[in-house]
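Chain by chain, the residues run as shown.
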Amino acid sequence: MRFASPRIETLPPSILRSGWLMPPTLASLSLPGLTLAVFAFFAGLTLASAAVGFALERALPKRRVFDLPLFPGQLRSELLGNAVFLAVATVTVTLALRFGVVPFGARGALAGALTFGVMVPGFQVFYWLLHRAMHHRALVRIHRWHHRSQVTTPLTGQSMSAFEALGWMLGYVGLPCLLSQVAPLSFAGWAGYLAFNVFGNIVGHANVEPTARHAATRGATCSPTPSCSTPCTTPAGRATTGSRAP
Ligand SMILES: [Zn+2]
């Protein structure tokens, strides 16, 4: 991604003071234009990643994790969940960029690599905590939509309630905002982190183990019913133990 001096005359003084740097093409967009750009980023990544995930499932039928049917209407439910996630992500990230919530104060390849290298493991720690919290009795209702999919598909990754999606936004925007208080972050590194996260989450939920030498489990050790709890070895159950993307 090419960086040049932003058109600073278009930026509010509070943002200028924070050392906010992002590509001038984005900085100069109107609010509707920026919204469209952010939506295109997330929707494009979602479509491309889902295409890879479904292609892997199709290409490697003998490496399916579970040879069980989806629940009736699962793909429709997951599509709706993805629409919810995309709406929340688009609004949150657009507003964060517009108001300079994350002061991007560094640029260049090294800053990009360092930002990416810190954000990716940082999110893993954050999400582990968020996921454990969402399995607490008080919060599990916001997480139920995601776990309706006992047999996962690439669309399962972003299939969730608006409240859970807001929790993810703490990782997408809140975490970099926090880290920017300690060290200047790179916009390109942050964008790369988001792209990596979306791709890994979606492809990681495909019902296939491409790297396994032998076909993965062909059935479940307990039936995939709503009563199936965390230790269950369905894909959704394994997700709660951190063995695949959440
Ligand atoms: Zn869970």
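Residues numbered from 1 in each chain as written. Predicted model: local features only at pLDDT ≥ 70, side-chain atom pairs only at ≥ 80, totals over all residues.

Engineer: Would you take a moment to explain the overall build of the chain for this structure?
Structural biologist: Along the backbone of the chain there are nine helices and zero strands. When the helices and strands of the chain are read in sequence order from the N terminus, they spell out α-α-α-α-α-α-α-α-α. By the burial criterion, 35% of the 246 residues in the chain qualify as buried. Of the contacts made within the chain by residues no fewer than 6 positions apart, 80% connect residues no fewer than 24 positions apart. (Helix = DSSP H or I, 4+ residues; strand = E, 2+ residues; numbered from the N terminus. Buried ≥ 20, exposed ≤ 12 C-beta atoms within 10 Å, placed from the backbone. Contact = placed C-beta atoms within 7 Å.)

Engineer: Any chance you could explain the packing of helix H5 (residues 109-134) against helix H7 (residues 162-179) here in plain terms?
Structural biologist: How two helices pack is summed up by the angle between their axes together with the distance between the axes. Two numbers describe how H5 lies on H7: the axes approach to 10 Å, and their chain directions differ by 140°. When the axis of H5 is compared with that of H7, the two are oblique. Note that H5 runs across H7; the crossing there is right-handed. Within the contact between the two elements, H5 uses Val118, Met119, Gly122, Phe123, Phe126, Tyr127, Leu130 and Met134 and H7 uses Glu164, Gly167, Gly171, Leu175, Pro176 and Leu179. Taken together, the residues that form the contact of H5 with H7 break down as 10 nonpolar, three polar and one charged. (Axes fitted to C-alpha atoms, helices over the stretch in contact; angles between N-to-C directions. Parallel < 35°, antiparallel > 145°, perpendicular 65-115°, else oblique. Left-handed = near helix turned anticlockwise from the far one by under 90°. Nonpolar A, V, L, I, M, F, W, Y, C, P; charged D, E, K, R; others polar.)

Engineer: How do you make sense of the confidence of the model for the chain when you look at a structure like this?
Structural biologist: Note: predicted coordinates in regions of low pLDDT should not be interpreted at a detailed level. Overall, the prediction assigns the chain a mean pLDDT of 83, with 78% of residues at 70 or greater. Within the model, the stretch residues 220-246 combines pLDDT values under 50 with 48 contacts to residues more than four positions away or in other chains. (pLDDT = per-residue confidence, 0-100.)

Engineer: I'm lost on the nonpolar core in this one. Help?
Structural biologist: In summary, soluble globular proteins display a tendency toward joint burial of nonpolar side chains. Residues Ala89, Phe104, Phe187 and Trp190 are the most contacted members of the largest nonpolar core, which totals 39 residues. When contributions to this core are tallied by element, the ones reaching two or more residues are helix H3 (31-59), helix H4 (74-98), H5, H7 and helix H8 (187-204). Setting aside chain neighbours within four positions, we find Ala89 in contact with Phe42, Ala165, Met169 and Tyr172. (Core = buried A, V, L, I, M, F, W, Y, C linked by C-beta atoms within 7 Å.)

Engineer: So what exactly am I meant to see when it comes to the packing of H3 against H4 here?
Structural biologist: Direction vectors running N to C along H3 and H4 enclose 135°, while the axes themselves pass 9 Å from each other. As summarised for this structure, H3 and H4 are arranged oblique, according to the angle between their axes. Both H3 and H4 take part in a crossing whose hand is right-handed. Touching Leu31, Leu34, Thr35, Val38, Phe39, Phe42, Ala43 and Thr46 of H3 are Asn82, Leu86, Ala89, Thr90, Val93, Thr94, Leu97 and Arg98, all from H4. Here the contact of H3 with H4 is built from residues that sort into 10 nonpolar, five polar and one charged.

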